[in-house]
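Survey of secondary and tertiary structure
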Amino acid sequence: MTTKKILTGMLSAVLMLTAGGFSGCSDDDTENGSASVETLDAENVTVSSADLKGKTAGNTSGMMARGICYNTLGTPTVNDDMVSATKGAGEYTLTAYELKHSTKYFIRAFAMYPTGVVYGKEKSFTTLAVAVPTVTIEEPTSVTSISALFTGEVVSAGGFPILEAGFCWSTEPDPDIENGEKYSVEEPGVGPILFDNQLLANNTTYYVRAFARTEAGVGYSETITFTTLDLKLPELTLNPIGKENTGIFTLDVEAAITEANGTVTRKGFCWSTSPNPTVSDNVVEAGGETFTARIEGLKPYTKYYVAAFAVNEGGTGYSQAQEVRTFTYGMGNDRLVLITPPASAYLMGWTSTKDGLFTEQTQIDRNKDEKNPMPMPVQPEELGTYYMGKYEVTNSEYAEFMTLFQKETIEVTDIIDKKETTFTVKMFDASTIKIEKVGDTWRAKGGHENKPVAGVTYYGALEFCKFYGGTLPNEAQWEFAARGGKYTDADKTMYAGSDNIDEVAWYKGNASGPQDVGQKAPNGYGLYDMSGNVSELTCTWYQNYKSDWETFASQQNNGSKARTIRGGNYSNDVPSNNKSDLRCIHRSTLDNTTDGTSKGNVGFRFCLPVTE
């Protein structure tokens, strides 16, 4: 089939037989054995197309092609627009496209022979006028004080694809899509449309219309008026959620219905990490006039918004939402200390007035990088504000974590030698750590409950901190906290809280192993055992100090597989030349951390950066 003036090669050849096209045959010419040709009425007429029909009968042996020609002036010929088909006898239907809307067309069927063209009698049709869509609407149903069900139908598209369809409503007459509230269905087209409107107000008169939009414009249904019911929502009060109601993974909540305003069929609590929670978010239901519930499955140190709700005939009423942050490790039992950065740069590392003259003779192992050749500046924003565990994490606390965590090995993805690497590592050395598993429960071994956990791997310590929403401290955070907020040479002490090691630390001179945490004097921040007892892991890869912390931090993961540990432990002595591992500035390492290395005298302390 061809449309418009697109002709087959055969038709083109025939047209060239006479100059200017065919002129040798008349209407219904049956001379020379030609077939009779009849023009039939057009069908399925739209704004831009129509099915054109013809009929041939009689001798078709010499016929080359047949079709319909058309124009807007009358007496169309094959030199005008046409649609064609192969030769044959009987009725045939051809569709003409790209017609003009609201236009009268004249049509003639034709049959083409080598000697000329036979035409049927002329007929005509008129394409449809372009119109906006036709839309209807029914009376709203299921009307409550805050909702109603809208039902309508797009009856006709008016000749163009439906671009948008739905409902518009307002408290003013004759709403439209420009000045009213609007809802659009997801897949617009001819057919029913539906919207369960839950956005209405109590005891309010509304005007609503269905609509559909095409390139021709917007078609509206008639306007329907309805009034929502005069039903009030339940009124509630949510009791304050205090420290005593807050856990690491839970919140205990209590509320009361102050005015039922009808029959309450459902009530409880809803919560979200975004303001103004609703029953579309997380929900726990409860019973009673004054009702309580425990919200479970929350994340540590996460801000939540909580509201009580109740449902009556009028809909769902809510209490005022409360903002509350869940606790994390140590927050509910006063085992975290807030560390505030200094107003000016903190000088990290060697302090001559407290740590002695810096010479090769006063250094051991890698400690010559404690001075570079001056202390390394750390800006306040690089330290940040953070919480630090008041004590080293104990065996009981790690056992409690393992009961919840239930995995002794973990798959880790880390940046190693500047490449992202995935590997499996143990949480701890089972032969060293002082916890044990009984059934599905972990517990500290007898007598070790309040001693610092040791024998954990770097990733086993980090996983504990991450589980509770925190991390391991970096070196700068650890040292500043160990100094107790004293960041000038004149104020700093050699050990964490004192120049007298026996006041603040368990070491080789007074202990043969780890001791219960918190028995020695705290430092200026109220932190215990930052010198001695067990050495403490940081999240910092070991490398020599740089000119400043920004440079130092930017060159992490440069090939080292050792994490820096600080603070010294019970096996360290205090040599007379001040080269002790127990000093606040001393650095040592836990090597091969990616291989799951651990030590029986290395533990860790929880750190939590402060967030909004």
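Reading guide: rules and limits
Residues numbered from 1 in each chain as written. Predicted model: local features only at pLDDT ≥ 70, side-chain atom pairs only at ≥ 80, totals over all residues. Heavy atoms only, no water. Phe/Tyr/Trp six-rings, centres within 6.5 Å; stacked < 30°, edge-to-face > 60°. Helix = DSSP H or I, 4+ residues; strand = E, 2+ residues; numbered from the N terminus. Buried < 20%, exposed > 50% of the residue type's maximum accessible area, 1.4 Å probe, protein only. Core = buried A, V, L, I, M, F, W, Y, C linked by side-chain atoms within 4.5 Å. Contact = heavy atoms within 4.5 Å. pLDDT = per-residue confidence, 0-100. Salt bridge = Lys/Arg side-chain N within 4 Å of Asp/Glu carboxyl O. Polar contact = N/O pair within 3.5 Å; in protein donor to acceptor, adjacent residues only side chain to side chain. Pairing = 2+ DSSP bridges. Axes fitted to C-alpha atoms, helices over the stretch in contact; angles between N-to-C directions.

**So, the packing of aromatic side chains**
- Across all of its chains, the model carries 35 aromatic pairs by this definition.
- With a centroid separation of 6.1 Å and an interplanar angle of 65 degrees, the aromatic rings of Phe480 and Tyr525 are classed as edge-to-face. Here Phe480 is found in helix H6 (residues 475–482), whereas its partner Tyr525 is found in the loop between helix H7 (501–504) and strand E33 (535–541), with 45 residues between them in sequence. Here the two residues Phe480 and Tyr525 agree in accessibility, since each one is buried.

**Points about the nonpolar core**
- Grouped together as the largest cluster of nonpolar side chains are 39 residues, with contacts concentrated most on Tyr398, Phe428, Tyr459, Phe464, Leu537 and Phe604.
- Elements represented by at least two residues in this core include exactly helix H4 (395–405), strand E29 (409–416), strand E30 (419–426), helix H5 (458–467) and E33.
- The dominant element in this core, judged by the number of residues it contributes, is H5, at 6 residues.
- Not counting chain neighbours up to four residues away, the residues in contact with Phe464 comprise Tyr329, Val393, Glu397, Tyr398, Phe401, Phe604 and Phe606.
- Counting 23 residues, the second-largest nonpolar core is a separate cluster that includes Ile339, Trp478, Leu527 and Cys584.

**Considerations on the confidence of the model for the chain**
- Within the chain, residue pLDDT values average 88, and 90% of them lie at 70 or more.
- When the criterion is pLDDT under 50, residues 28–32 qualifies, and its contacts beyond four places in sequence or with other chains add up to 10 contacts.
- Across residues 360–367 the pLDDT falls below 50, and counting only partners more than four positions away or on other chains, this stretch makes 19 contacts in the model.

**Notes on the pattern of salt bridges**
- In total, this model carries 17 salt bridges according to the counting rule given.
- When the shortest N-O distance is used, the salt bridge between Asp41 and Lys123 registers 3.3 Å. With Asp41 in strand E1 (residues 36–43) and Lys123 in strand E8 (residues 123–126), this pair connects stretches of sequence that are 82 residues apart.
- According to the relative accessible area criterion, Lys123 is partly exposed, its value standing at 31%.

**Thoughts on H6**
- With 8 of 8 residues buried, H6 lies mostly within the body of the structure.
- Residues of H6 that are buried: Glu475, Ala476, Gln477, Trp478, Glu479, Phe480, Ala481 and Ala482.
- The backbone nitrogen of Ala476 lies 3.1 Å from a side-chain oxygen of the residue at the head of H6, namely Asn474.
- Of the residues flanking the end of H6, it is Gly484, one or two places downstream, whose phi is positive at about 70 degrees.

**As for the sheet that holds strand E10 (residues 148–156)**
- The antiparallel open sheet is built from 3 strands, whose spatial order is E9-E10-E13. Each edge of the open sheet carries a strand with a single partner, namely strand E9 (134–137) and strand E13 (191–197). Sheet twist, expressed as the average angle between the axes of neighbouring strands with direction ignored, equals 25 degrees.
- By the bridge criterion, 4 bridges tie E9 to E10 in an arrangement that is antiparallel. Bridge pairing in E10 places Ile137 opposite Gly152.

**A few points about the side chain of Thr127**
- In this fold, Thr127 is placed in the loop between E8 and E9.
- Reaching out from Thr127, the side chain makes a polar contact with the backbone oxygen of Lys100 at a distance of 2.5 Å.
- Polar side-chain contacts of Thr127 include one of 3.0 Å to the backbone nitrogen of Ser102.
- Every residue in contact with Thr127, bar those within four places of it in the chain, is listed here: Val45, Thr46, Val47, Leu99, Lys100, His101, Ser102, Thr103 and Tyr105.

**Some details on the sheet that holds strand E34 (residues 563–566)**
- Ordered by their spatial adjacency, 4 strands build an open sheet running E35-E34-E33-E36, and the pairing between neighbours is mixed. Because the sheet does not close on itself, it has two edges, and the strands there are strand E35 (587–590) and strand E36 (602–603).
- One ladder, built from 4 bridges, connects E34 with E35; its direction is antiparallel. Looking at the pairing, Ile565 lines up with Ser588 of E35.
- Here H5 sits on the sheet in contact with E33, E34 and E35, set at roughly 90 degrees to E33.

**With respect to the side chain of Ser170**
- For Ser170, the location among the structural elements is in strand E11 (residues 164–170).
- What makes Ser170 buried here is its relative accessible area of 14%.
- A distance of 3.0 Å separates the side chain of Ser170 from the backbone nitrogen of Glu172, its partner in a polar contact.

**A few points about the environment of Lys121**
- As for its position among the elements, Lys121 is in the loop between strand E7 (116–119) and E8.
- With relative accessibility at 57%, the residue Lys121 sits in the exposed group.
- Here the alpha-carbon distance between Lys121 and Phe110, two residues 11 residues apart in the chain, equals 9.3 Å.

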